Amino acid sequence: RVSRSSYTILMVIYILVMCGGYATFGDSCYGNLLRNYHPHDRLAGFARLSTGLSIIFGFPLIANGARESFTSLYNAAYAESIGSHHRNLPRAKLVTVFLVITSCVAISIDDVKVAAGLSGATVGSFLVYICPSLVYVTIVRK
């Protein structure tokens, strides 16, 4: 019951923000809503700063999870092919490779809607096609 009311409130907030953005900018809206505001608007500047700080401080959390997942996947694949149980990847090199790849992608994309669309399509496909299969295989193995 609490979850249902929480998701309902969240959905109403999202709909209000989306309608407010569309009412403000119409069809001439950028993928990044903050680009529509004047560069010297103080509230928009604060929102840009907040978004930047969120990305800067959230990236290490996401990168650490990606690094750990990649390492465990690599170790599992390496253990199956070689028969060994564990092989350490050089952490600094792996983090550097991840940073270089993500920086190159970030520099090459002009509009955030491309990245948001790509990540939404990827995660959506994972949730619809891959995740149910993984759950089924995990349940069958037990």
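Read on for a plain summary of the structure.

What counts, and where the lines are drawn
- Residues take numbers from 1 onward in each chain, read along the sequence in its written order.
- Reporting in this predicted model follows two pLDDT cut-offs: at least 70 for local features of residues, and 80 or more for side-chain atom pairs to be given and counted; totals over whole chains, interfaces and linings ignore these cut-offs and use all residues.
- The side-chain quantities take in all heavy atoms of the structure and omit both hydrogens and water.
- Helix and strand labels come from DSSP, where a helix needs a run of H or I of at least four residues and a strand needs a run of E of at least two; each type is numbered from the N terminus.
- Atoms counted for the radius of gyration: C-alpha only. Globule rule: 2.2 Å times residue count to the power 0.38.
- Using the Shrake-Rupley algorithm and a 1.4 Å probe, accessible areas are obtained, with residue cover drawn only from the displayed protein chains.
- Neither His nor the chain ends is counted toward charge; the positive residues are Lys and Arg and the negative residues Asp and Glu.
- Throughout, a charge is located at the NZ atom of Lys, the CZ atom of Arg, the CG atom of Asp or the CD atom of Glu.
- Whenever a carboxyl oxygen of Asp or Glu lies within 4 Å of a side-chain nitrogen of Lys or Arg, that contact is scored as a salt bridge.
- Only protein chains enter the accessibility calculation, which uses a 1.4 Å probe; a residue whose area is less than 20% of its type maximum is buried, one above 50% is exposed, and one in between is partly exposed.
- Patch building starts from residues that exceed 30% relative accessible area and form no salt bridge, then joins like charges within 9 Å and nonpolar side chains (Val, Leu, Ile, Met, Phe, Trp, Tyr) within 5 Å.
- Any N or O atom pair separated by 3.5 Å or less is treated as a polar contact, with the protein-specific requirement of one donor-capable and one acceptor-capable atom, and with residues adjacent in sequence counted only for side-chain atom pairs.
- By the convention used here, residues are in contact when the closest approach between their heavy atoms is within 4.5 Å.

1. Focus on the overall build of the protein chain
Helix and strand content of the protein chain: 4 helices and 0 strands. When the helices and strands of the protein chain are listed from N to C terminus, the series reads α-α-α-α. Since a compact globule built from 142 residues should have a radius of gyration of about 14 Å, the 21 Å found for the protein chain marks it as more spread out than a globular shape. A principal-axis box enclosing the C-alpha atoms of the protein chain has dimensions of 60 × 40 × 25 Å. For the protein chain, the accessible area works out to roughly 11900 Å², and carbon and sulfur atoms hold 69% of it. Of the side chains in the protein chain, 12 bear a positive and 6 a negative charge, and the two mean positions are spaced by 11 Å.

2. Quick word on the pattern of salt bridges
In the structure shown here, the tally under the stated rule is 1 salt bridge. Taking the shortest distance from any N to any O, the salt bridge between Arg 67 and Glu 68 comes out at 2.9 Å. Since its relative accessible area comes to 9%, Arg 67 is described here as buried. On the basis of relative accessibility, which here comes to 42%, the residue Glu 68 falls in the partly exposed class.

3. Examining a nonpolar patch on the surface
A cluster of nonpolar side chains, namely Val 123, Phe 126, Leu 127, Val 128, Tyr 129, Ile 130 and Leu 134, defines an oily patch on the protein surface of about 700 Å² accessible area. With respect to the secondary-structure elements, Phe 126 resides in helix α4 (residues 112-141).

4. Side note on the side chain of Thr 71
Take Thr 71: it is sitting in helix α2 (residues 42-82). Within polar-contact distance, the side chain of Thr 71 engages the backbone oxygen of Arg 67 at 2.8 Å. Discounting chain neighbours no more than four positions away, the residues touching Thr 71 are Leu 89 and Leu 94.

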